[in-house]
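# Close look at the chain arrangement
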Amino acid sequence: MATVKAPRGTEDVLPGRSEQWSRLEAVTREVMASYGYREIRTPVFEHTELFVRGAGEATDVVEKEMYTFADRSGRSITLRPEGTAPVARAYIEHGMKLWPQPVKLFYIGPMFRYERPQAGRLRQHYQIGAEALGCGDPALDAEAILLPIELFRRLGLSGFSVHLNSIGCPRCRPAYRERLLEYLRPRAAQLCESCQRRLERSPLRVLDCKVPTCRAVTEAAPRSFDYLCDDCRVHFETLQGHLGALGVSYTLDPRLVRGFDYYTRTVFEVLSDQLGAQNALAGGGRYDGLVESLGGPPTPGVGFASGMERAMLAASSAGKAGGIEDGRAGWIDVYVASAAPARRREALLVTRRLREQGWRVETDYEGRSLRAQLRWADRAGARVAVIVGEEETSEPGDPMVVRHLARGEQQRADDAQVVALVGRWLA
Ligand code: HAM
């Protein structure tokens, strides 16, 4: 019979790697807490309308990449492709406007996009993200850029760079858009097919097209940060001043526009030179109109998200993944073996007592020979073995042996001594 495989673009994280994932999550929680962000967990699916209104109808994600289906009562449901719109929805729904502002939230969870899978691009990927809502100060933009940098630094990553742009606000962007269209229209014939199609509707998207002929055209295109209104300009300059003072180096990238309609003013990406084509380790920006466009009160916001698989890929190519790579080796501290079938129940009791100490303890469930049990202990990485009984003729109540597996040293112990002796040898 044919076996069932995981769907294309999804991954199983097996033991060995799952420890690395946990470590990444633990470091994330530490960094988020130190920056004052608290965790939010939003549903994995939402009403489709949230993303259509939030991310924008004409964006690639909404047009082509969403996992959208009708549920059993005919409502249109979408597996979340990103985390910002759900957080903005939750902000409105739970009246967070009344909380002390800014409300700073982070999340860790799976996102779903129907994209063509390749290295670093999945149909289910995990994101670490943070959003600060309710305050428009550029210091928060600086923090949104600093957060992923701090995270990657603690993970031991290097070889990444920050790209920064400001795409203005609804007051200044229309004039820039017009200016850009005036530049692009006479050059339309040189653009790729999809850029020609989206030229009139979303000319800014042409700027981040990776096709070489499009890049040649946009090389000298008008730059959004040259067309900012006074407020946006001051905001952008203040942000750059903050970044300079914080020692964050960045590249101004006039072609960075990002893929969602909610962005205003600041947009940024953290790019890695350790990854191939999918080199964006993190991306984010300001979205001062998002909450209002979802029916909430006017509320500025800024944040970022980073793909966990990409962070892990960059960590392993930098040799900084840490932990155990092989899921079949090394995950316990103590192995409890029984020398004779008559002593298996005692082994079970000792196992529980040792586990209660917080050690990682495993025992035999298959009635294997003592030799086979000790081989298993070795593969599982046990440092200490407790052998209940010394030989096969051993009877209930006979002493046990505690063996230090690396040193080969061993000592007899009775029930009252065993925990202390194991503790000494594990220390
Ligand atoms: P995004 O740039 O679409 O932004 O995604 C954020 C990050 O998620 C990317 O930089 C990348 O590391 C990772 N990522 C995206 N798609 C995939 C994929 N198919 N496979 C693997 N990794 C992927 C957002 O989603 C915004 N919500 C970020 C944000 C938060 N803006 C403001 N606040």
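Residues numbered from 1 in each chain as written. Predicted model: local features only at pLDDT ≥ 70, side-chain atom pairs only at ≥ 80, totals over all residues. Heavy atoms only, no water.

You'll find the protein chain entered in an unreviewed UniProt entry as Histidine--tRNA ligase, with Carboxydichorda subterranea given as the organism. Comment text from UniProt for the protein chain, heading Subunit (unreviewed entry), reads "Homodimer." Here is the UniProt Sequence similarities (unreviewed entry) comment for the protein chain, exactly as written: "Belongs to the class-II aminoacyl-tRNA synthetase family." (UniProt positions renumbered as here; feature names shortened; annotations may be inferred.)

## Side note on the environment of Thr238
By the secondary structure assignment, Thr238 is in helix α10 (residues 230-245). For the pair formed by Thr238 and Ala142, sequence separation is 96 residues and the distance between their alpha carbons is 9.5 Å. Only 2.6 Å separates the side chain of Thr238 from the backbone oxygen of Val234, close enough to count as a polar contact. (Helix = DSSP H or I, 4+ residues; strand = E, 2+ residues; numbered from the N terminus. Polar contact = N/O pair within 3.5 Å; in protein donor to acceptor, adjacent residues only side chain to side chain.)

## Some points on the sheet that holds strand β10 (residues 280-286)
Taken in spatial order, the eight strands line up as β1-β5-β6-β11-β10-β9-β7-β8 in an open sheet, and their pairing is mixed. Lying at the two open borders of the sheet, with one neighbouring strand each, are β1 (38-39) and β8 (250-252). Where helix α1 (residues 18-34) meets the sheet, its contacts fall on β1, β5 (103-112), β6 (124-133) and β11 (301-307), and the angle it forms with β6 comes to roughly 5°. (Pairing = 2+ DSSP bridges. Contact = heavy atoms within 4.5 Å. Axes fitted to C-alpha atoms, helices over the stretch in contact; angles between N-to-C directions.)

## Some words on the sheet that holds strand β3 (residues 67-70)
Spatially, the three strands line up as an open sheet ordered β2-β4-β3, and their pairing is antiparallel. Every other strand in the sheet has two partners, leaving β2 (45-47) and β3 as the edge strands with one partner each. With strand direction ignored, the average angle separating the axes of adjacent strands in the sheet is 35°. In this structure, β3 lies alongside strand β4 (residues 76-79), joined through four bridges in antiparallel fashion. Counterpart to Phe69 in the pairing with β4 is Ile77.

## Quick look at helix α4 (residues 84-93)
Burial analysis of α4 places eight of its 10 residues in the buried class, the great majority of the element. When α4 is considered as a whole, its buried residues turn out to be Thr84, Ala85, Pro86, Val87, Ala88, Arg89, Ala90 and Tyr91. Two residues or fewer past α4, Gly95 is found with a positive phi of approximately 55°. (Buried < 20%, exposed > 50% of the residue type's maximum accessible area, 1.4 Å probe, protein only.)

## Some remarks on the packing of α1 against helix α5 (residues 138-154)
One way to put it is that α1 packs onto α5 with a least axis distance of 10 Å and a crossing angle of 135°. Overall, the two elements α1 and α5 adopt an arrangement that is oblique. In this structure, α1 meets α5 at a crossing whose hand is right-handed. Side by side, α1 and α5 meet where Arg23, Val27, Thr28, Glu30, Val31, Met32 and Ser34 of the first sit next to Leu147, Glu150, Leu151 and Arg154 of the second. (Parallel < 35°, antiparallel > 145°, perpendicular 65-115°, else oblique. Left-handed = near helix turned anticlockwise from the far one by under 90°.)

## What to know about the environment of Leu281
Here Leu281 lies in strand β10. Residues Leu281 and Met308 lie 27 residues apart in sequence; the distance between their C-alpha atoms is 8.4 Å. When neighbours within four sequence positions are excluded, Leu281 is seen to be in contact with Phe152, Leu157, Phe160, Val270, Ser272, Leu275, Ala305, Ser306, Gly307, Arg310, Ala311 and Ala314.

## Overview of the side chain of Glu46
Tracing the backbone through its elements, the reader meets Glu46 in strand β2. Using a relative accessible area of 6% as the deciding quantity, one classes Glu46 as buried. In terms of polar contacts, Glu46 uses its side chain to reach the side chain of Arg89, at 2.7 Å. Excluding anything up to four places from it in sequence, Glu46 contacts Phe51, Ser76, Ile77, Thr78, Pro86 and Arg89.

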